[in-house]
Every structure is written in structure tokens, then in C-alpha cells.
Amino acid sequence: MQPIDEWLRKLLLLPPAASSMARPIDRLHFSVISVTMLGATLLVLMGGYYCVRYRRRRPRGPSETRPAAPTPPLWAELGLVGFLFTLFVAWWAVGFKQYIGLAQAPRDALDVYVTAKQWMWKFSYPDGSQTIDELFVPVGRPVRLILTSRDVIHSLYVPSFRLKQDAVPGRYTSLWFTATALGRQPIYCAEYCGTDHSRMSGSVVVLSAEDYSRWLAQPGTRRAGEGNAGTRDAELRTEGERVAARHGCLRCHTVDGSPHLGPSFAGLYGADIPLANAEHVTADVAYLTESMMDPALKVHAGFEPVMPSYAGYLNPPEVSALVEFIKSLKDVPGQSAREHGVPAASAVTLPPPAGSIGRPPGEPLALPSEPGHASEQGFAAPGRELMPLPRAPRETLEQKLGDGGAP
Amino acid sequence: MIAVKLEPEPMALPPDYLHAKQGPMSWLTTTDHKRIALMFYGAVLVMFLLGGVFALLFRTELLSPRRDIMDATTYNKLFTWHGIVMVWLFLIPSIPNIFGNFILPLQLGARDLAFPRLNLASFYVYLVGATIVLSGLFAGGTDTGWTFYMPYSENTPVTLFPVVFGIFVVGISSIFTGLNFIATVHMLRAEGMTWRRLPLFTWSIYATSIILVLATPVLGLSLILVGLDHVFHLGVFDPATGGDPVLFQHLFWFYSHPAVYIMILPAMGVISEVVPTFAHRRPSSYAAIALSSLGIAFGGFLAWGHHMFVAGISTLDAGVFGIFSMFVAVFSAIKVFTWVATLYRGDIVFSTPLLYFFGFLFLFVFGGMTGVAVATQSLDVHWHDTYFIVAHFHFIMVGGSLTSFLAAAHYWFPKMFGRLYSERVGLLAASLVFMGFVLTFLPQFLLGNAGMPRRYYSYPAEYQWLHVLSTGGSYLLGSAVLLALGNLALALAYGARSEQNPWEARTFEWLSPSPPPEHNFESPPVIDREPYAFDLSEEQIRARAFPG
């Protein structure tokens, strides 16, 4: 970093930049702040100068007239306004471009799920391990955090990364970063969340690649401090199994890897899912949640789009429990992640008219997934769809299944 | 009718509005816009002092990261109370309901507002609403922050409904006042008062009234839904019962962002009077100031999403909200340039209201420039919900409103009470208010840069020196405000008698005696000139306004 940047950073008391995005953001920051502060100072000085230069030097009588004051020419006014407008729009354009960059995680980003609750952070890693209030990440590698909240809105804030994202109950938001400096950086909760808001802090621990793999290999270490979260997840798994049974999930999705109407839950979590439109998606929390709420959006290749939406039928705790249950089956043997989901030739094939079940007539179309904004739009969908909408009742599906001869 | 004269008058005039009728009932049942303005003055000042005391209490707690004088829950309640009282019970009603009420009919050459009884109702509705809010705060102790974000507001164990209901009631008072002002500007302009001859303060109050009428219902209804969610778990905003918390943020800021302009547009109106009057020249561009008021009023409705850049809204939405925020910044900059250009080649008399204008200029320009910075999305990600934002909106919105509120209190003091305050004390208080303000909030910009989130009861020790500076500044600010108000209070009783037009102003409110008689003008004035005709002499403007 250039010395002037470093000098400005210290002058403004900004913490050292520790992520790949922090430096370009800081550079924009410095240019905006220096120009605006300079302009503001000039303007105030100009006003002060006029007050001295044009002060009244002798009293005036009640019948005294004075010549009308000059009016600045129109071109000067318009020119000034045009200049300001151009300047502001230029800053906006650079800022917006960076903001878009903040919203788009690289495809190879390491996913970490963040669950906020009053007043702690839980970080869940792809291998199933969890930490509380401490986020361990490797240096130099993009990490995507997928956030939600169990109770009220929180906001994950890492000042030295110049990053912040609200964790909203009932929906998923995300942010990503590439840490550039080893060490420990503070995490704060930035959205007011009640009595201990100011104590809801944590830290990002940035490890070298070797230290990170060593850390991954030490389950004892990383589960330290997990406290009752483990117990809570075990309860959630049990609850998830009950939810799956109660809502009829298991009529179509097996838990032992055997093929059926829908992809088996076994080995599903974390698997690479081929979609009907030839794209691929990772079966993460976001995808699983989205598929419960809007199953027709990203249909697993090789399966018919027969699943109805469960928006309005599953409440958020049930959804979390189900996801936890599916997660617990990720290592169930009997089927590799690649094979699962391709139904056997003998599997029952339903010939439903397109849209008759998966998307009943009259139902409003779900939000189209915007390319490039999937991390926001896609994850936001469950939350948005939580308002009960008129849907095809579940019985319709069951009747259909009955007609189709399913067990 | 033989009026009993209590005060010696230089000429045979009807008694002024303060003495036209006697007894408490003549005040409580008055429909005179000037008396209602004074009653608002008293009520709003009580709220202002109350909100200030809350702020000083929690600033004291923040002197150290540890517990000093209160626990975390009390701290959370106090910043909530400070926000609610200052925003809804002080800033929003302050300039429109006091000075707008008093001055607007006079500037139009009207006898009163269009609906005098509605005006009185507005005062009582405000009083009832404020009482409900305050009793709700003291009885239940709301700790949600003034923004009532869901679902925290649904789950908080404290009582919430009276507070949000009280704010709803206060909102009705705002709507009454807004309607009244709009109708008055349209219907009760004096003969010859065309739209291009409206004084700029009236223009800004008119623009404010449009926002009041359009935005307040959304706030009122949203807050009622929050209250119902809290009591009955309706499930409008809480995801646990199927609602959407981000929807609440949209509805809340759809009002509360324009509400920023409800506070700052009247302030700009005051400044637009003070600068030409003390520079003794016409504004360098009347049209720029008047039209930019309307531009801010409408543009301000399209910028609310910049409060939500990290709330999980779509990237495209954020971009659109960002650029509309820049539009508003351009309109505000036009005003600032016009004020400064008005000083150019003026005949400037330096006095207390003009010193407040300099405080305003500094706070508004620096606050506004940081506003451009936070409207730049990628920068806002770092600053959002930190002390930088707190400092930004206190500079631009509170600093702007407070300095111009005090400017108006001094500028129109002779008009309202017929007396002069001590100029030396006034200048001293204005300087101290400015220094206190900067000392309170400049450290907060740096705190925000350093990464200190707002609404924190305790904080990392390295932030302490900045908090100590800020708290020191807040004590200075509090004392300076008391000094300014005390100076005015003393002048009520001991101030020298003022002439009718002590500042040699040219706007039309100074055509009536100071203080004005009950019906404002002895005979209706005729307006045949622009409002800032400083090329005419004092005698000429009187002769032309009252021919014959």
C-alpha cells in the first residue's frame, strides 16, 4: 500500500486492511473523504471571508435605498450543478461496482454457515464441525459466509475486512471475503439485538493453509467451546426426523440411499447436484431450504417436478430441524454422492401435466433466479415465501401418488 | 370596542395578540395561530430538554467501558427514549409547528391559517400523543431503539403498544398541521402574492407539509402493525409467525427517510430567511432555493433503501437507492451554494442568527458530504450501524435542525414578543453550541471509522478516549443550549423593546407590528414585489404594501 494511503488510514483511525476487498474500498474512501472535506472547508471559508469582506461599515437610514444585488449567470449555476452531479455519480458508479463485487462470491469459495442468536455466533463448517464465536479461515482463500438468525436480526461485522451483513431470521444472506493477513480480527454484532448486544462479539482467526488443514484434522480442538450447541443439534436431528415423517417427506425421499420419487436424503447434503437445466448446484443449507419452499426452481436432473411447495406448511424451526436431519445423513453409506438421485429404470414414473402439481394453476410464479444474484435472491426466497399463499393441498400429492401406485 | 391597554404603545394600535384576551381559557381555547404556536413552543421545549437529559445520562455511562451509572438494560432504554422523544416529539414538530404556525400566515399576509380550529386540535392531539408516548416510556421502558426493528420489537418483554400508539397519535397531529399549511398557502395568499413572491420559508414549509401528509400515514400504520404484532402475534413482520422483518424496514424507512427532510427542510427555510436578511441582499437565486425544496421533497421519497444496504436487499435495488440519494445530495448542495453566494457583495450585519447560520453551514456541509460518502454503497458496508452513521445524521439532521431552530428562535424573537435579547450572550451561546456540537460528534466519526458499532453499552478499551471527548462535548452542548434559551427567557421579561423591523428585513411578516395584533394586519397588505426587495427602502415597502 502506498505511504499516503497508510497515512490517511491512520489519520482516519481505520483498522488495518485485512481482506482483499478492504484496499480498493479504502482507496475509494480516501478519495471521497478528501475531496468532500476539502470542498466543504473551502465553502465554509468562503462564507466566512464574505462576512468579513462585505460587512456593513456604516449604519443605514430607513429611507435609504441600495442598488439591487447582482445575480450569478445561469451558466455558472448549471455548470456547478453539472460538475457536482458528475462527481457524485462517478463515486456512486465505483461504489456500486465494488458493492456488486461484494455480493458475488467466487465459485470455489469455502462455505461456512453462520447462525446468529442472542448473543452468540455459531459457525458450521462443510465437514460438519462447529465453533462458537470463533471463525477459523485459511488465508488467501475465498470464504463465503451464509448467515441466518435463530431469533432477531443480527449483523456480522468485521471492521478490518470492511464487511458487514445482516443475519435475518427466516432467510439466508451471504457475504464473502479473502483474508489477506494472518491473525485474529474482531467480529462485532452491528444490528441492535437487545441487552447484551455489545457483548455479542467474536473473532475471525486467519490461519495459514498448513495451520488450517492441521486445525481441520483436530476435531478435539475445533469442538472446544461448542458447549450445548452439540446437544441442541442432536435434538434438532431427532426433531427433524419427526418433522420428515409428519409432513410426508419420507414418502418420496428415502433415508438409506435407495432411489424413489425424489432424491434420497442419504449423502445428499454437500453433494454436487446436476440440475434439469444442465447446471450444477451444491446441496447446501440454502439449496435444501429453497427446495422445500420452491421445489420447481432448481429441479434435480432425472426427477419429475412433482414436489409441492411447503411454504406456509413448514415453519422456520421445522425447516432448520429438517436441514439438520438431512445433514446428519450425509455420510450414510450405500450410495455415493454422485450416484444418488438417478432413479432406477423401474422407478415409478408419473406423467403429471407440467404444472399440475408442482405449480398449481393460479399460483404466483416464484421469484426468478437472477444470474449473479443467486446468493441473495435464491436464499432470500424462503423468507419471502413464508407468508402462507394459496397452494395445492398436500393431499393432492398424496392422492396422485396413490393413483400412481406408490407404496 | 375599547381594548384595555396594558403596555404603552408608540402609536394607537390594537392590542397585540399576547394581550388581546386575558385569562387561561383565552389561551386554552384560542384559535389564533400565534397563540397556538406559543403553546407548541412551550410543549416542544419541554420535550427537547427531556430528550437532552436522556442523552446526557447515557453519554455519562459511556465515559468508561465498564458500568458507571446504569446497567445495560437502562442504557438501551435511554438511547431509545432519546431517539423517540427527539425525533417525534421535538424535531418533527419543532420548526413547522412553532415558527411555521406563527410566521407562515404573516408571510402570506393572511389573518390566520385556513382552518384555525383544526390548528388548535392539532395541538391537543399532539399533547395527548406525547402524553401517551411518555407514559408508555416511563411505565414500560421500551428498549427497541427508535427504529423498532422487527422481530426484536415483537419479542422484547417490555410494553410497546402505548409508545407506538402515542407516535401514531402524534402523527395525526402532523397530518392536521400539514393539511392546514397546504390549504393556507393555496387559499389565503394576500392580494398580489403570486407563487414567485412567496417567501422562501413559506416554500420550505409548503414542501415539508407535502411530505408530512404523504409519508406520515405509512409510519402510523406500520407502527400500529408492530404494536399489534407485539400484543397479538399477528405475524405481519415476525418470521416465526410467517411475517417478513425486512418488509418492516422498507415501510419504516419509507416514512423515516422523508422524515429527515421533514426536519431539515424547515431548517433550510429558516436559513433562507436569515441569510438574505442579515446580508441585506436578495438570495442569489430565489428559484434555485424554492425548486430545490420541492426536489428534496420528492427525491427524498425515493432514497429510503440506502438504510438497508446490508439488510439483504437485492443488489440492483441498492444501486437504484444509491443514485437517488445522490440526487438529493445535489439538491441540497444547490441550496448551500446559493446561501454562500448570497453573502457575496452583501451588506452584512453580523448577529446571533447569522452566527447560527455559520454553525449550520459547517454542520450541514460536512454532514452532507459524509452523506455522499455513505450513499456510496461499498463504503456504507463498513460504516453502516457504526458511530459514523450516528455522527453523520447528528451533524446534518440534528445539527442542521438545532442550529436553525435556535436561529429562528432569535431571528423571530422580536417579531413574536416585541423585545430584544442580549446580543452578546446570544453570540456567546451560539459559539458554544457550535463548539459543543463539533466536540460531541467529530470523535464519533472517528469511532465509526475505527469500527465501533452503535448502541453499544460497553466497548473495547481503545475507543475510550474518543468517548470521553464526545461526552465532554455533550456537556458543553447541553450547557450552551441552556444559556441560549436562558438568554431568550430573560429577554421575555427584561429585554429592551424592539422596533417593528429591527433587522431591516423585507419579507412580509415584518409589515405587521411586532408583536402582531390578534388579526395580524391592520388592513390586508397588497403584495406588488418580490419578498427580498432590499433595493427598496423601509418607507417604500410600507407605502407600497398599505396604499392609502
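None of these values were measured; they are calculated from a predicted model. Each residue is numbered by its place in its chain's sequence as written, counting from 1. As they are written, the chains are lettered A onward and the ligands numbered 1 onward, keeping that order. Side-chain atom pairs in this predicted model are given and counted only at pLDDT of 80 or more, local residue features only at pLDDT of at least 70, and totals for whole chains, interfaces and linings cover all residues.

### A closer look at the overall build of chain B
(1) Moving on: Comment: elements are numbered from the N terminus, with helices defined as DSSP H or I runs of at least four residues and strands as E runs of at least two. Along the backbone of chain B there are 17 helices and two strands.
(2) Moving on: Note on method: radius of gyration uses C-alpha positions; expected globular size equals 2.2 Å times residues raised to 0.38. The globule rule puts the C-alpha radius of gyration for 548 residues at 24 Å, and the 23 Å found for chain B is close to it.
(3) Moving on: The principal-axis extents of the C-alpha atoms in chain B amount to approximately 75 × 50 × 45 Å.
(4) Moving on: Residue burial here comes from a neighbour count, namely the number of other C-beta atoms, placed from the backbone, that lie within 10 Å of the residue's own C-beta, with 20 or more meaning buried, 12 or fewer meaning exposed, and in between meaning partly exposed. Classification of the 548 residues of chain B by burial places 63% in the buried group.
(5) Moving on: Two residues qualify as being in contact provided that their C-beta atoms, derived from the backbone, are within 7 Å of each other. Across chain B, every contact between residues at least 6 apart in sequence was considered, and the portion connecting residues at least 24 apart equals 83%.

### Re the overall build of chain A
(1) Moving on: Counting its regular elements, chain A contains ten helices and twelve strands.
(2) Moving on: Each of the 407 residues in chain A was classed as buried or not, and the buried ones make up 40%.
(3) Moving on: For chain A, long-range pairs separated by at least 24 residues make up 71% of all intrachain contacts whose partners lie at least 6 apart in sequence.

### Looking at the interface of chain B and chain A
Note on interface size: it is often stated as the accessible area lost on association of the parts.
(1) Moving on: Listed by partner, the interface residues are 78 residues for chain B and 86 residues for chain A.
(2) Moving on: When contributions to the side of chain B that touches chain A are tallied by element, the ones reaching two or more residues are helix 3 (72-108), helix 5 (152-155), helix 8 (245-279), helix 10 (315-343), helix 11 (352-375), helix 12 (377-383), helix 15 (423-450) and helix 17 (538-545) of chain B.
(3) Moving on: With 15 residues, the top contributor of residues to the side of chain B that touches chain A is helix 10 of chain B.
(4) Moving on: Side-chain classes follow a simple rule in which Ala, Val, Leu, Ile, Met, Phe, Trp, Tyr, Cys and Pro form the nonpolar group, Asp, Glu, Lys and Arg form the charged group, and the remainder, Gly included, forms the polar group. Of the residues belonging to the side of chain B that touches chain A, the class tally is 45 nonpolar, 23 polar and ten charged.

### Some words on unusual backbone geometry
Residue and element names in this part refer to chain B.
(1) Moving on: Here the residue pair methionine 150 and proline 151 is connected by a cis peptide bond, since its omega of -5 degrees sits within 30 degrees of zero.
(2) Moving on: Considering the arrangement of structural elements, one finds proline 151 in the loop between helix 4 (116-140) and helix 5.
(3) Moving on: Cis rather than trans, the peptide bond between serine 514 and proline 515 has omega equal to -5 degrees.
(4) Moving on: Looking at the element boundaries, proline 515 is found in the loop between strand 2 (496-497) and helix 17.

### Quick look at the domain arrangement of chain A
All names here are of chain A.
(1) Moving on: Annotation of chain A at the domain level lists domain 1 (1-39 + 75-103), domain 2 (110-222) and domain 3 (234-393).
(2) Moving on: In this document the domain limits rely on a domain assignment from an automatic tool or a database. Taking the mean C-alpha position of each, domain 1 and domain 2 sit 27 Å from one another.
(3) Moving on: Counting residues at the interface gives ten residues for domain 1, matched by twelve residues for domain 2.
(4) Moving on: Residues that form the side of domain 1 that touches domain 2 fall into these classes: eight nonpolar, two polar and no charged.

### Describing the sheet that holds strand 6 (residues 154-158) of chain A
Residues and elements named next belong to chain A.
(1) Moving on: Strands are labelled as partners when DSSP assigns at least two bridges between them. On the basis of which strands lie adjacent, the open sheet formed by five strands has the order 4-10-9-6-7 and mixed pairing. Strand pairing shows two members of the sheet lacking a second neighbour, strand 4 (134-138) and strand 7 (163-167), which therefore form its edges. In this sheet, neighbouring strand axes are inclined to one another by 25 degrees on average, regardless of whether the strands run parallel or antiparallel.
(2) Moving on: In this structure, strand 6 lies alongside strand 7, joined through five bridges in antiparallel fashion. Axes, fitted as lines to C-alpha atoms, cover a helix only where it is in contact. Angles between the N-to-C directions of the axes lie from 0 to 180 degrees.

### Thoughts on the pairing of strand 1 (residues 110-117) of chain A
All names here are of chain A.
(1) Moving on: For strand 1 and strand 5 (residues 142-149), the ladder comprises seven bridges, and the chain directions are parallel. Pairing of threonine 115 across the sheet is with threonine 148, part of strand 5.
(2) Moving on: Pairing analysis gives five bridges linking strand 1 to strand 2 (residues 120-124), with the strands arranged antiparallel. Within the sheet, the bridge partner assigned to valine 114 lies in strand 2 and is phenylalanine 123.
(3) Moving on: What sits between the antiparallel neighbours strand 1 and strand 2 is a turn of two residues.

### Side note on the sheet that holds strand 1 of chain A
Residue and element names in this part refer to chain A.
(1) Moving on: Strand order in the open sheet made by the five strands is 3-2-1-5-8, with mixed pairing throughout. Edge positions in the sheet fall to strand 3 (130-132) and strand 8 (173-178), since each has one partner strand and no second. Ignoring which end each strand starts from, the neighbouring axes of this sheet average 25 degrees apart.

### Comments concerning helix 3 (residues 74-103) of chain A
(1) Moving on: When the terminal C-alpha atoms of helix 3 of chain A are compared, their 43 Å separation across 30 residues agrees well with the 44 Å that a helix rising 1.5 Å per residue should span.
(2) Moving on: The set of residues buried in helix 3 of chain A consists of Phe88(A), Trp91(A), Trp92(A), Val94(A), Gly95(A), Phe96(A), Gln98(A), Tyr99(A), Leu102(A) and Ala103(A). Expected helix span is computed as 1.5 Å times (number of residues minus one).

### Structural notes on the confidence of the model for chain B
Residue and element names in this part refer to chain B.
(1) Moving on: In this model, chain B carries a mean pLDDT of 91, and residues with pLDDT of at least 70 account for 97%.
(2) Moving on: Counting interchain partners and residues more than four positions distant, the pLDDT-below-50 stretch residues 1-5 has three contacts.
(3) Moving on: Scoring of the predicted complex yields 0.80 for pTM and 0.89 for ipTM. One number per residue, pLDDT, summarises how confident the predictor is, and it ranges from 0 to 100.

### Remarks on the pairing of strand 2 of chain A
(1) Moving on: Of all five residues that make up strand 2 of chain A, four are buried, and the element is covered over most of its length.
(2) Moving on: The antiparallel pairing of strand 2 of chain A with strand 3 of chain A creates a hairpin that spans five residues between the two strands, and Gly128(A) there sits at a positive phi of about 95 degrees.

### Things to note about the packing of helix 13 (residues 387-411) of chain B against helix 15 of chain B
Residues and elements named next belong to chain B.
(1) Moving on: Remark: helix 13 packs on helix 15, axes separated minimally by 8 Å, with the N-to-C direction vectors making an angle of 170 degrees. Of the possible angle classes, the one that applies to helix 13 and helix 15 is roughly antiparallel. The segment helix 13 lies against helix 15, with Tyr387, Phe388, Ile389, Val390, Ala391, His394, Phe395, Gly399, Thr403, Leu406 and His410 engaging Gly426, Val433, Phe437, Phe441, Gln444, Phe445, Leu447, Gly448 and Asn449.
(2) Moving on: Across the contact of helix 13 with helix 15, the residue classes break down as twelve nonpolar, eight polar and no charged. When an angle is under 35 degrees it counts as roughly parallel; over 145 it counts as roughly antiparallel; between 65 and 115 it counts as roughly perpendicular; any other value is oblique.

### Some thoughts on the packing of helix 10 of chain B against helix 11 of chain B
All names here are of chain B.
(1) Moving on: Running from amino to carboxyl end, helix 10 crosses helix 11 at an angle of 160 degrees, the nearest separation of the two axes being 9 Å. By the angle between their directions, the pair helix 10 and helix 11 is classed as roughly antiparallel. Here the hand of the crossing between helix 10 and helix 11 comes out left-handed. Taking contact as the criterion, the partners of Gly322, Ser325, Met326, Ala329, Ser332 and Val336 in helix 10 are, on helix 11, Phe364, Val365, Gly368, Gly371, Val372 and Ala375.
(2) Moving on: In the contact of helix 10 with helix 11, the residues fall into seven nonpolar, five polar and no charged. Take the far helix as your reference; a near helix turned counterclockwise from it by less than a right angle gives a left-handed crossing, and one turned clockwise gives a right-handed crossing.

### Things to note about the environment of Trp27(B)
Residue and element names in this part refer to chain B.
(1) Moving on: Structurally, tryptophan 27 is set in helix 1 (residues 24-28).
(2) Moving on: Assessed through the 15 C-beta atoms surrounding it within 10 Å, tryptophan 27 is described here as partly exposed.
(3) Moving on: With residues near it in sequence (within four places) discarded, tryptophan 27 still touches Arg35 and Met39.

### Describing the confidence of the model for chain A
Residues and elements named next belong to chain A.
(1) Moving on: Here chain A averages 77 in pLDDT, while 77% of its residues score no lower than 70.
(2) Moving on: Summarising per-element confidence for chain A, the mean pLDDT is lowest in helix 9 (residues 374-384) (34) and highest in strand 6 (96).
(3) Moving on: Below pLDDT 50 for its whole length, residues 221-229 participates in 15 contacts with residues either more than four positions away or in separate chains.
(4) Moving on: In the model, residues 334-407 has pLDDT below 50 throughout and makes 132 contacts with residues more than four positions away in sequence or in other chains.

### Details of the nonpolar core
Buried together is how nonpolar side chains tend to be arranged in soluble globular proteins.
(1) Moving on: By convention in this section, buried Ala, Val, Leu, Ile, Met, Phe, Trp, Tyr and Cys residues joined through C-beta atoms within 7 Å make up a nonpolar core. In terms of nonpolar packing, the biggest core is built from 275 residues, with Val114(A), Val133(B), Ile271(B), Ala407(B) and Val433(B) touching the most fellow members.
(2) Moving on: The contacts of Val433(B), once residues within four sequence positions are left out, are Gly359(B), Thr403(B), Leu406(B), Leu477(B), Ala480(B), Val481(B) and Ala484(B).

### Some remarks on helix 3 of chain B
Residues and elements named next belong to chain B.
(1) Moving on: An ideal rise of 1.5 Å per residue puts 54 Å on 37 residues; helix 3 measures up with 51 Å between its terminal C-alpha atoms.
(2) Moving on: The principal kink in helix 3, of about 55 degrees, is found at proline 93.
(3) Moving on: Burial runs high along helix 3: 33 of the 37 residues are buried.
(4) Moving on: Glycine 109 lies just past helix 3 and shows a positive phi near 75 degrees. By definition, a residue's bend is the angle between the axes fitted to the seven residues ending there and the seven starting there.

### Some points on the environment of Asp211(A)
Residue and element names in this part refer to chain A.
(1) Moving on: Structurally, the position occupied by aspartate 211 is in helix 4 (residues 209-216).
(2) Moving on: C-beta crowding within 10 Å serves as the criterion here: with 15 such atoms nearby, aspartate 211 is assigned to the partly exposed category.
(3) Moving on: Expressed as a C-alpha distance, the spacing of aspartate 211 and arginine 57, which sit 154 residues apart in the sequence, is 76 Å.

### What about the environment of Pro239(B)?
(1) Moving on: Considering the arrangement of structural elements, one finds Pro239(B) in the loop between helix 7 (200-232) and helix 8.
(2) Moving on: Distance from Pro239(B) to Met150(B), taken between C-alpha atoms, is 9.2 Å for residues 89 residues apart in sequence.

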